[in-house]
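# Structure assessment
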Amino acid sequence: MKLDLLSRYTSAIDSVPTILDWRISGETDLLSDVVLCPPDYLAPVPCCTVTRDNLEQGFAVDVPAAKRQHEALCAALRRNGVTCHLVTPEPDLPDMCFTRDIAVATPFGPMLTAPAMPHRRGETEALARHVRAWGLNWPRVTTGTIEGGDICIAREGLLLIGSSGERTSREGLEEFAAPFHDAGWEVLVCPFHADHLHLDTLFCMVSPDEALACVELLDASFVARLRELGIALIDMPAASVPQLGCNILALGGKKIIASEDDEAVSRLRARDYHVVTVDVSQFTRCGGGIHCLTLPVRRVPGARGG
Ligand SMILES: NC(=O)NCCC[C@H](N)C(=O)O
């Protein structure tokens, strides 16, 4: 019976993870393992401003196109040495491809989040089933709400959390941040307008001391503290935010996966980043980009990318 269950859940996984001690202490350390979910049931749910605007303009998801784009993202990750662990999509979970939001690998081990949106809560349950099939039991946030797109483990000693009041609540934030406080990390909270959904639509780290950021939409004291900490901001225009221009994935060693957005790509290349681009237009119209589509579970501190 136990074996049956194991094979049921692991059969859906790209590769059964061999390293289960997944931890991340810096968002731009060398990426080795990511959890993704194919978009078989992707549908535009009118729960965020970008999706609502696109629905008003008559947008409908082209699922085969979304699947091709997701496969191209996985292929780009694999070409760059990243192992992709695929979890099975489920018909009643239309946003499950945005795996970023449902768990976070921390320096103390992975943790399931507590999504605010009722239609996304089943995603943490679905992921928890996969995790149990790996013989693990990830703890979860139990008070309030918090979504992974609001969490940035910027670098050793510095945790950033976005708080629009809609997706991440004070209680969820405090529970998630507690072990970081206990370990002596600085925890910096960034309030922002709920129209922008998650912190990762406005801000993403690209190296330990540089981030892509839409400065005009970020809280002034958050920006000032980042600068005091020596984090330079590559400023992005507000007009690029609905296209998820800031929403990139750092692979480590100044290598970045970005969507085909001229603003971010040209700014990063001008600063000597190696940028791989993929088309994720089916997803951006549902409110999420490359950062949202990827749940990094293991990065190697101190290692350099090839
Ligand atoms: N981290 C992210 O920004 N994730 C995108 C989630 C989009 C999804 N439609 C949502 O509103 O929850």
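Up top is the structure.
These lines cover the structure that appears in this document, whether it is placed above or below. (Residues numbered from 1 in each chain as written. Predicted model: local features only at pLDDT ≥ 70, side-chain atom pairs only at ≥ 80, totals over all residues. Heavy atoms only, no water.)

If you trace the backbone, Pro191 turns up in strand β7 (residues 186-191). Taking C-alpha positions, Pro191 is 21 Å from Asp209, a pair spaced 18 residues apart along the chain. Look past the residues within four positions of Pro191 in its chain and what remains in contact with it is Ser163 and Asp219. (Helix = DSSP H or I, 4+ residues; strand = E, 2+ residues; numbered from the N terminus. Contact = heavy atoms within 4.5 Å.)

The strand order across the open sheet built from three strands is β2-β1-β14, with neighbouring strands paired in mixed fashion. Either end of the sheet is taken by a strand with one partner, and the two such strands are β2 (83-86) and β14 (295-300). With strand direction ignored, the average angle separating the axes of adjacent strands in the sheet is 20°. (Pairing = 2+ DSSP bridges. Axes fitted to C-alpha atoms, helices over the stretch in contact; angles between N-to-C directions.)

Moving on, we get to the pairing of strand β13 (residues 274-278). Bridge count for strand β12 (residues 255-259) against β13 is five bridges, and the pairing is parallel. Considered in β13, the bridge of Ser259 is made with Val278. A crossover connection joins β12 to the parallel β13 through helix α7 (residues 262-270); in handedness this β-α-β unit is right-handed. (Right-handed = clockwise from strand over helix to strand, strands pointing away.)

This part is about the layout of surface pockets. Of the volumes computed, that of the largest pocket is approximately 410 Å³. Going through the elements one at a time, α2 (49-56) and α8 (281-284) are the ones with two or more residues in the lining of the largest pocket. Ranked by residue count, the leading element in the lining of the largest pocket is α2, at four residues. Looking at the lining of the largest pocket residue by residue, the classes come out as eight nonpolar, 10 polar and six charged. (1 Å grid on protein atoms, 1.4 Å probe; cavity = no way out; pocket = protein on both sides within 12 Å on 5 of 7 lines; lining within 4 Å. Points joined across faces, edges and corners; volume = space filled by probe spheres on them. Nonpolar A, V, L, I, M, F, W, Y, C, P; charged D, E, K, R; others polar.)

Read these as layout, nothing more, since geometry by itself doesn't imply function.
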